[in-house]
Amino acid sequence: MTAPNARSRVLRFNGAVKHERAIDEWFDRRPAALSSIAREWFARMRECGDDVRELLHDGHPTACVGDAGFGYVNVFTAHVNVGFFRGAELRDPAGALVGDGRFMRHVKLRPGTQVDAAALRALIVAAYRDMQERVEPE
């Protein structure tokens, strides 16, 4: 169970827009094998709803409900992280989420490695819906 005020904590970002061209350019500057993975999963975040906005935060693509961040992708040397700002609170029956921080969790993806696509899609939708619920009462 979460503390009464923990559910209302939301990470807000100024400057989130419907489609940030700089994000597409960001993908273009990454190695193709990794960029294609990151681009695919960020596209799933973009498709969650009409209220999804995006921006580059800390140098990586970030998806928001309005201005409230719910997910991100980041490319590293040999893998891609698909992350969730409130991932510690997401139901994860497939056990895909990693991390031990207080709030954030991510799924680590590597080229040539199978991913449970249905489980990752479910996490993205759950993170999106969770954030919608958090910002709705405001």
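Everything discussed here concerns the structure shown above.
From a predicted model like this one, the values you see are computed outputs, not experimental measurements.

Caption draft 1: Spatial organisation of the packing of helix H2 (residues 32-46) against helix H3 (residues 117-135). Packing of H2 against H3 leaves a shortest axis separation of 10 Å and a crossing angle of 40 degrees. Viewed along their axes, H2 and H3 adopt a mutual orientation that is oblique. Of the two elements, H2 crosses H3, and the hand of that crossing is right-handed. Of the residues in H3, those touching H2 at Trp41, Arg44 and Met45 are Ala117, Leu120, Arg121 and Ile124.

Caption draft 2: Layout of H2. An ideal rise of 1.5 Å per residue puts 21 Å on 15 residues; H2 measures up with 20 Å between its terminal C-alpha atoms. When H2 is considered as a whole, its buried residues turn out to be Leu34, Ser35, Ile37, Ala38, Trp41, Phe42 and Met45. Considered in projection along H2, the buried side chains sweep an arc of 160 degrees and stay on one side of the axis.

Caption draft 3: Quick look at unusual backbone geometry. For Asp58, which is not glycine, the phi torsion reads 55 degrees and is therefore positive. When you line up the elements, Asp58 lands in the loop between strand S1 (52-57) and strand S2 (60-65).

Caption draft 4: Region of the structure containing the nonpolar core. Membership of the largest hydrophobic core comes to 30 residues, with the highest contact counts inside it found for Met45, Phe70, Val80, Val82, Phe84, Leu109 and Leu120. When residues of this core are traced back to their parent elements, those giving at least two are helix H1 (21-28), H2, S2, strand S3 (68-75), strand S4 (80-84), strand S5 (105-109) and H3. At seven residues, the largest contribution of residues to this core is made by H3. Once residues lying within four places of it in the same chain are set aside, the contact partners of Val80 are Leu34, Ile37, Ala38, Asn74, Val75, Val107, Lys108 and Leu109. Counting five residues, the second largest nonpolar core, distinct from the first, contains Leu55, Cys64, Tyr72 and Phe85.

Caption draft 5: Up close: H1. Taken together, the buried positions of H1 are Ile23, Trp26 and Phe27. Down the axis of H1, the buried set is contained in an arc of 95 degrees. They therefore lie on one face. More than 90 degrees from the buried face of H1, the exposed residues found are Arg21 and Asp28. Those residues of H1 hidden inside the fold are in contact with H2, S1, S2 and S3.

Caption draft 6: Examining the pairing of S4 more closely. Taken across its five residues, S4 has five buried, putting it largely inside the fold. Of the two faces of S4, the one lined by Val80, Val82 and Phe84 and the one lined by Asn81 and Gly83 are each fully buried. Both S3 and S4 contribute to a ladder of five bridges, which runs antiparallel. By the bridge assignment for S4, Tyr72 is matched with Gly83. Between S3 and S4, which follow one another and run antiparallel, lie four residues.

Thresholds applied
Residues numbered from 1 in each chain as written. Predicted model: local features only at pLDDT ≥ 70, side-chain atom pairs only at ≥ 80, totals over all residues. Heavy atoms only, no water. Axes fitted to C-alpha atoms, helices over the stretch in contact; angles between N-to-C directions. Helix = DSSP H or I, 4+ residues; strand = E, 2+ residues; numbered from the N terminus. Parallel < 35°, antiparallel > 145°, perpendicular 65-115°, else oblique. Left-handed = near helix turned anticlockwise from the far one by under 90°. Contact = heavy atoms within 4.5 Å. Expected span 1.5 Å × (residues − 1). Buried < 20%, exposed > 50% of the residue type's maximum accessible area, 1.4 Å probe, protein only. Arc of directions from axis to C-beta. Core = buried A, V, L, I, M, F, W, Y, C linked by side-chain atoms within 4.5 Å. Pairing = 2+ DSSP bridges.

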